[in-house]
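Working through the structure, step by step
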Amino acid sequence: MTTATVTGPVPRWARWAAHAVPLLVLPSGLWRIALGVGIPIGFTGELGRLYHAPGWITPYVFALTLAAEAVALLTLGLVRPWGEVVPGWVPRLGGRRIPTALPVTVAAIGALALTLIAIPTVALWNGPENMGDPDAPQGLAGWIMTACYAPQLAWPPLLAAVTVAYWRRRRGRR
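Here's what I pulled together on the structure shown here. Along each chain, the written sequence defines residue order, and numbers are assigned to residues from 1. Local features are withheld for residues below a pLDDT of 70 in this predicted model, meaning they are given only at 70 or higher, and side-chain atom pairs are given and counted only at 80 or more; totals for whole chains, interfaces and linings count all residues. Excluding hydrogens and water, the side-chain values take into account all heavy atoms of the structure.

**Quick look at the packing of helix α1 (residues 12-36) against helix α5 (residues 139-149)**
Operational definition: Where helices are involved, their axes are fitted lines through C-alpha atoms of the stretch in contact, as for all axes, and angles between N-to-C directions lie from 0 to 180°. For the purposes of this entry, the term helix denotes a DSSP run of H or I that reaches at least four residues, the term strand denotes a run of E that reaches at least two, and both are numbered from the N terminus. Our angle categories are set so that under 35 degrees counts as roughly parallel, over 145 as roughly antiparallel, 65 to 115 as roughly perpendicular, and the remainder as oblique. We call two residues in contact when some of their heavy atoms are within 4.5 Å. Throughout this entry, Asp, Glu, Lys and Arg are counted as charged residues, while Ala, Val, Leu, Ile, Met, Phe, Trp, Tyr, Cys and Pro are counted as nonpolar. The remaining residues, Gly among them, count as polar.
Following both chains from N to C, one finds α1 and α5 inclined at 135°, their axes separated by 6 Å at the closest point. Here α5 runs oblique to α1, going by the angle between their axes. Contact residues: α1 offers P27, S28, W31 and R32, while α5 offers I144, M145, C148 and Y149. For the contact of α1 with α5, the per-class residue count stands at 6 nonpolar, 1 polar and 1 charged.

Set out below in structure tokens:
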């Protein structure tokens, strides 16, 4: 088994950006969990009945929150040693260098996918199928929901920037 060494230092801004991503995703997750446990968050009428908790919405929002936070935490792999070398506790692969192209490709696809999700979400946020629906949270509840989801808009550009920093740091290293 060949062991690899970790490449040079991570730029301070990249470390900060990678650590910021999971924190930016957290408010929307907390908002969804509140919905899932039945805290009244402003849905009324038909949407209030549809999103009533506990019910089908509870496991859905918990799973969505855990998945989003887990994916956001993977950004840390672009600034931590476990994103360059497979941890030693992994059977048969521990200590081996991770090919630079693998995390760069996955992260670039992730940044693109998040961008493709964010653009229409922002464009249609106040549309009739979203916050413009009279049964959607209005007033203070609507502002709180928006404030919880807005930080996620920084996720795609931060992930893209950290991905470029990872690639630049690791390119040409053997």
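**Focus on the packing of helix α4 (residues 101-124) against helix α6 (residues 155-170)**
Applied cut-off: Helix crossings get a hand from a simple test, with the near helix turned counterclockwise from the far one by less than a right angle marking a left-handed crossing and a clockwise turn marking a right-handed one.
Look at α4 against α6: their axes get within 8 Å of each other, and the N-to-C directions meet at 160°. By the angle between their axes, α4 is roughly antiparallel relative to α6. As for how α4 packs across α6, the hand of that crossing is left-handed. Seen from α4, the contacting residues are P103, V104, A107, A108, G110, A111, L114 and T115; seen from α6, they are W155, P156, L159, A160, T163, Y166 and W167. Residues belonging to the contact of α4 with α6 are distributed by class as follows: 12 nonpolar, 3 polar and no charged.

**Some remarks on the side chain of S28**
Within the secondary structure, S28 is located in helix α1. In this view, S28 contacts C148, Y149 and Q152; residues no more than four positions away in its chain are not counted.

**Description of the nonpolar core**
Our working definition: Buried Ala, Val, Leu, Ile, Met, Phe, Trp, Tyr and Cys residues that are joined via side-chain atoms within 4.5 Å together make up what is termed a nonpolar core. Each residue gets one of three labels from its accessible area relative to the maximum for its type: buried under 20%, exposed over 50%, partly exposed in between, using a 1.4 Å probe on protein chains only.
Counting 23 residues, the largest nonpolar core has L78, V79, W155, L158, L159 and V162 as its most contacted members. At the level of secondary structure, the elements contributing two or more residues to this core comprise α1, α3 (57-73), α4 and α6. Ignoring any residue separated from it by four or fewer positions in sequence, one finds L78 in contact with P103, A107, L159, V162, T163, Y166 and R169. Among the nonpolar cores identified, the runner-up in size contains 14 residues, and A34, A53, V61 and M131 belong to it.

**Examining the environment of L26**
Tracing the backbone shows L26 in helix α1. Using a relative accessible area of 37% as the deciding quantity, one classes L26 as partly exposed. Distance in space between the C-alpha atoms of L26 and A107 is 19 Å, their sequence separation being 81 residues.

**Quick word on the pattern of salt bridges**
When the charged atoms of two side chains lie near each other, side chains of opposite charge can form a pair. As a reminder of what qualifies: Note on definitions: salt bridges are taken to be side-chain nitrogens of Lys or Arg within 4 Å of carboxyl oxygens of Asp or Glu.
Following the criterion strictly, the structure yields 2 salt bridges and no others. For the salt bridge of R49 with E46, the shortest nitrogen-to-oxygen distance reads 3.2 Å. Highlighted residues: R49 and E46, both in helix α2 (residues 45-50), separated by 3 residues, approximately one helical turn. Take R49: its relative accessible area is 58%, and that puts it in the exposed class. In this structure, R169 engages E84 in a salt bridge whose closest nitrogen and oxygen atoms are separated by 2.4 Å. Of this pair, R169 sits in helix α6 while E84 sits in the loop between α3 and α4, placing them 85 residues apart in sequence. Considered together, R169 and E84 belong to a single accessibility category, that of buried residues.

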